[in-house]
Every structure is written in structure tokens, then in C-alpha cells.
Amino acid sequence: MDDGPYDETDQVIDDDDIVEFIELEDQDGNDEEDEGAEIMGASSGVRRDTESDDDQLQAVNMVADDAEIVFDKHAGSVFCCDLEPVNGKIAISGGEDDRSFVWSTSDGSVLFECTGHKDSVTCSSFSYDGKFVATGDMSGVVQVWQIESRSKLWSFETSDLSWLQWHHSSHILLAGTMDGDMWMWRVPDGDCKTFPGNGSPTDSAKLFPDGKRLAVGYGDGSIRIWDLKAATTLHSVAAHFGDVTCLDCYHDDVLIMSGSVDGSAKLINSANGKVLATLNCKLQEEEEAGTQNSVESVGFCSSLPLCATATLKGQLAVWDVPTQIQRQNCKHDEGIVRLVWDHASPLIYTVGMDGIVRLWDARSGNTASQWTGHTGEILDVVLSRDGSSILTASDDKTCRLFHVYKPDR
């Protein structure tokens, strides 16, 4: 494959481009209040294994632990985590035990617990300025907590919750539910808008860089582009043949990328709702055998015109955005749950079912580094704003904080 330099004159796909099917080779004050109004329209570092099975204990003891901090206060699988975006000194996690903790990343001590949840906490995240944290559980209980006062500021109850995310520059909270509806609240006054669904669950969403539109993926394979201020659908795209599992938006505010359980990723022009290209993320042998392979994560690189797809069969593929040609295919022994691009370089972090954090160089397809410590699959991951640390949440009942900064990067 050609890994040569990119020509700055390369253009992102034109609107007139036709759909192309590609075979996969084997191989993230007042101003924010104004913006919010406009949109609305008016024990710490020690790991302890509780398994009694001798074989499991032996396997645990054999895993080298590269983590700087291990948070072990959950009594079940940890489903979600996030880092405070300003300086990364605080983390939040939520788990199967119906509990969510806000804790210090310096020593793993609990700062306070977000109490009141009725089911597994599957969503937890900080507002863009780190002043608030939102938590959501599977039953639909959504809560907002103020970090400074360590107190609950606001709460709401929806139907079964699928996803929850903050606006990237305003105190606006967005949520999607299993019945397909979407909610938007302004925090802390609770002003609310609803976005009716089509009866199909919504499992993914991504806010555009302009902060005014939201791409939402649904269980029937469709993607809707919503105008947040008007609460109207700008485009509805019949993109996939199954649930849309993941979405990302390019920095040009036009191109979006989606992944699905149908084993494909799509590049879509959000200005007109046109599918520009289909990236087939199945290997030839999977096609021949008729096996399923879900695309679990997609993402655009911020430093080069590249995008990446990650599948449940362990394939990390790197694609050239202008030509939609696959440049690299990086094989994992087990399934990938999430991929995260480095903020300033063409490096990709992957986490998955083998419990290992890996760093890949998208230019060569080689592994640059890896970090171990988890004894179960990793279910969530977040990269700190300065790119120096990674926080993971795992099925092994822990969160782990890894320092990943390399001076020569």
C-alpha cells in the first residue's frame, strides 16, 4: 500500500461522487449561555481480585499491570468512564452495580457518589468545562451533579436510556432512548425539547463541530440529521441494513461516518443526505462463509485525511478519506470495542475483549506501544485532553488510568 505523503490539494469527496463499494483486504461563562439559549430557542491504587477460581487467579497474577491508578470500588462490571476535561484530575465511572463514583485520578480516592440510580449506570460524562457531571442508567434515570458543591443539581426520568452526551461548548445535555426518542435539556434550568423517533431504537449519536446539528443512528439502519434549534429533521438517510452502532463527524462540518452491525461503514454528505461511499469491513473469508462482523467504532483523524473502522472480529482498518482506499489493516486476536485517534497525530488507540490498550501508527500499520493490567474486556475508554493519559473501564470491575505520553510523539 502507498504510505507516501499527502498532497495538500487533495479534496474531500465531491457531492457528485457515486456510491463506491470497497472490498476490505486481508491484511473527541456567558458565551456558552448565549449559545445554549440560541440552540434551545428562547481503596484506590491497589488491585484486588475477588474471583475464587484458581485458574482465574493464576491468570490474573500473570498479567503485568502498567496502570498508574486502579479504581476498584465497583462491585460489578464498569460500563462507562470519563475524565474531567480541563486538567484530568477527576474521573467518573458507572457500573453494573447501579453505582457511579466521582474520584481523584491522583490516588483513586472517592470524592463523592452519584446516588439514586435504579439500574446499571451505562452513561457518565463531564460537561465541556468540567463544572457538571451527568449520569444515566438503563432504566432512564438521568442526573446532573455539580462538581464544586458535590451535590445533585437536576434529575429527569425517561424511558430506557441508550446514550447520553453533553454539548461540546454549552451546558446542554442530549439523550437517546430505546423507543427511538431523543431529549435535549438546558442545565440547570431544565428547559426541554423532544425529538420524536420512528419507533426504532437509537443507539448512537454525534454532535457536529458547528454545535447546531446532531447525527443520530437508529436500529433500522437509518441516520437522521437533526437541527437542534428547530427540532426538525434536515435529512433522513437509509444507510445500513442493521443497527447503526457508531458515528463520527469530519472537521469540515459536512462529512459524517457511520458503522453498523451489517459489517459496513458509510461516508455520507450531511449537506444533502447522500451516501458517498460504502466501506466493506468484512474479510474475504467472512464474506465466503457468510459470517457476521459488526463495526463497533469509527473515527476521523484530525491531522491527516484518514479515517478508521474497528470490528467485533478484531479488524482495525485505516482508510484514505479522499479516495476511500484502505491503507492499513491491523489484526487483533479478539474483538475491538472502541478506537480513539490521538488528538494531534496519526496514532490510534484501540481497546477490546482481550483487555489490552494498544497504540497503532496509522501510517505504517505497526503497533507503537501497548499497556496491560485488565483481566477482563475493556468496555469504555477516554483519552485526556492533553493526550497524556488514557482511562479505561472494564468487565473486571475496575477502572485503570494509564500514562501514555511519549516525548518523541
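Just so you know, these numbers come straight off a predicted model, no measurement behind them.

Definitions and cut-offs
- Residues numbered from 1 in each chain as written.
- Predicted model: local features only at pLDDT ≥ 70, side-chain atom pairs only at ≥ 80, totals over all residues.
- Heavy atoms only, no water.
- Helix = DSSP H or I, 4+ residues; strand = E, 2+ residues; numbered from the N terminus.
- Buried < 20%, exposed > 50% of the residue type's maximum accessible area, 1.4 Å probe, protein only.
- Areas by Shrake-Rupley, 256 points an atom, 1.4 Å probe, with all protein chains shown as cover.
- Salt bridge = Lys/Arg side-chain N within 4 Å of Asp/Glu carboxyl O.
- pLDDT = per-residue confidence, 0-100.
- Contact = heavy atoms within 4.5 Å.
- Phe/Tyr/Trp six-rings, centres within 6.5 Å; stacked < 30°, edge-to-face > 60°.
- Lys NZ or Arg CZ within 6 Å of the ring centre and 35° of its normal.
- Core = buried A, V, L, I, M, F, W, Y, C linked by side-chain atoms within 4.5 Å.
- Polar contact = N/O pair within 3.5 Å; in protein donor to acceptor, adjacent residues only side chain to side chain.
- Pairing = 2+ DSSP bridges.
- Axes fitted to C-alpha atoms, helices over the stretch in contact; angles between N-to-C directions.

Topic: the overall build of the chain
Piece 1. Summing up its helical and strand segments, the chain has three helices and 33 strands in all.
Piece 2. The buried share of the chain, reckoned over its 409 residues, is 55%.
Piece 3. Summing over all exposed atoms, the chain offers an accessible surface of approximately 17000 Å²; the carbon and sulfur share of this is 47%.

As for the pattern of salt bridges
Piece 1. Counted according to the given criterion, the structure contains 13 salt bridges.
Piece 2. Ionic pairing is found between Glu-157 and Lys-118, a salt bridge with its closest N-O pair at 3.3 Å. On the criterion of sequence distance, the pair formed by Glu-157 in strand 10 (residues 151–157) and Lys-118 in the loop between strand 6 (110–113) and strand 7 (121–126) is long-range, its members being 39 residues apart.
Piece 3. For Glu-157, a relative accessible area of 46% gives the class partly exposed.
Piece 4. Asp-380 is paired through a salt bridge with Arg-338; the nearest N and O atoms lie 2.7 Å apart. Here the residue Asp-380 occupies a position in strand 31 (residues 378–383), and Arg-338 occupies one in strand 27 (residues 336–341), the gap between them amounting to 42 residues.
Piece 5. Classification of Arg-338 as partly exposed rests on a relative accessible area of 28%.
Piece 6. Among the charged side chains, a network of salt bridges with common partners joins Asp-65, Asp-396 and Arg-400.

Describing the confidence of the model for the chain
Piece 1. Looking at the chain, the pLDDT average stands at 88 and 82% of residues meet or exceed 70.
Piece 2. Low confidence marks residues 18–29, where pLDDT is under 50. Its contacts with residues over four positions away, or in another chain, come to 37 contacts.
Piece 3. Residue range residues 42–51 is modelled with pLDDT below 50. Its contacts to residues more than four positions away, or to other chains, number 29 contacts.

Points about the packing of aromatic side chains
Piece 1. Across all of its chains, the model carries 12 aromatic pairs by this definition.
Piece 2. The interplanar angle of 85 degrees and the centroid separation of 5.3 Å between the aromatic rings of Phe-195 and Trp-226 together place this pair among those described as edge-to-face. Taken together, the positions of Phe-195 in strand 14 (residues 192–195) and Trp-226 in strand 17 (residues 222–227) put the pair 31 residues apart, joining distant regions of the chain.
Piece 3. Ring-pair connections join several aromatic residues into one group, and the members of that group are Trp-154, Phe-156, Trp-183 and Trp-185.
Piece 4. The side chain of Arg-213 reaches across the aromatic face of Phe-208, ending 4.0 Å from its centre.
Piece 5. In this structure, Arg-224 is placed above the aromatic ring of Tyr-218, and the distance from its NZ or CZ to the ring centre is 5.5 Å.

As for the nonpolar core
Piece 1. Core analysis: the largest hydrophobic core is formed by 17 residues, its most contacted members being Leu-255, Met-257, Leu-267, Leu-279, Phe-300, Cys-307 and Trp-319.
Piece 2. Sorting the residues of this core by element identifies strand 20 (255–260), strand 21 (264–269), strand 22 (274–280), strand 23 (295–300) and strand 25 (315–320) as the ones contributing at least two each.
Piece 3. Val-70, Leu-347, Val-351 and Ile-378 belong to the second largest nonpolar core, which has 15 residues in total.

A short note on the environment of Ser-264
Piece 1. Along the polypeptide, Ser-264 turns up in strand 21.
Piece 2. Spatially, the C-alpha atoms of Ser-264 and Thr-309 are 9.0 Å apart, while their sequence positions differ by 45 residues.
Piece 3. A polar contact is formed between the side chain of Ser-264 and the side chain of Asp-262, at a distance of 2.8 Å.

Let's talk about the sheet that holds strand 6
Piece 1. Within the open sheet, the four strands sit side by side as 3-4-5-6. Their pairing is antiparallel. Looking at strand neighbours, the two that pair on one side only are strand 3 (78–83) and strand 6, the edges of this open sheet. Across the sheet, the mean angle from the axis of one strand to that of its neighbour is 20 degrees, orientation sign disregarded.

So, the sheet that holds strand 18 (residues 232–238)
Piece 1. Spatially, four strands are ordered 15-16-17-18 in an open sheet, and the strand pairing comes out antiparallel. At either margin of the open sheet sits one strand with a lone partner, and together these are strand 15 (202–207) and strand 18. Averaged over all adjacent pairs, the angle separating strand axes in this sheet is 20 degrees, with direction ignored.
Piece 2. In this sheet, strand 18 lies alongside strand 17 in antiparallel orientation, the contact comprising six bridges. Pairing of Arg-224 across the sheet is with Ser-236, part of strand 18.

Regarding unusual backbone geometry
Piece 1. The omega angle of the peptide bond from Val-187 to Pro-188 is 10 degrees, so this bond is cis rather than trans.
Piece 2. Relative to the helices and strands, Pro-188 resides in the loop between strand 13 (182–186) and strand 14.
Piece 3. Although it is not a glycine, Asp-98 adopts a positive phi angle of roughly 65 degrees.
Piece 4. In this fold, Asp-98 is placed in the loop between strand 4 (90–95) and strand 5 (100–104).

A short note on the pairing of strand 16 (residues 213–218)
Piece 1. In terms of residue burial, strand 16 counts as a mostly covered element, since six of its six residues are buried.
Piece 2. Residues Arg-213, Ala-215 and Gly-217 of strand 16 are buried on one face, and the alternating residues Leu-214, Val-216 and Tyr-218, pointing to the opposite face, are buried as well.
Piece 3. Counting the residues between successive antiparallel strands, the hairpin from strand 15 to strand 16 contains five residues, one of them, Gly-211, with a positive phi of roughly 75 degrees.
Piece 4. Taken together, the five bridges between strand 16 and strand 17 define a ladder with antiparallel strand orientation. Residue Leu-214 lies in a different strand from strand 17, and its bridge partner there is Trp-226.

Focus on the side chain of Ser-270
Piece 1. Mapped onto the fold, Ser-270 is located in the loop between strand 21 and strand 22.
Piece 2. Given the relative accessible area of 4%, Ser-270 is considered buried.
Piece 3. One polar contact links Ser-270 to Arg-213, side chain to side chain, over a distance of 3.3 Å.

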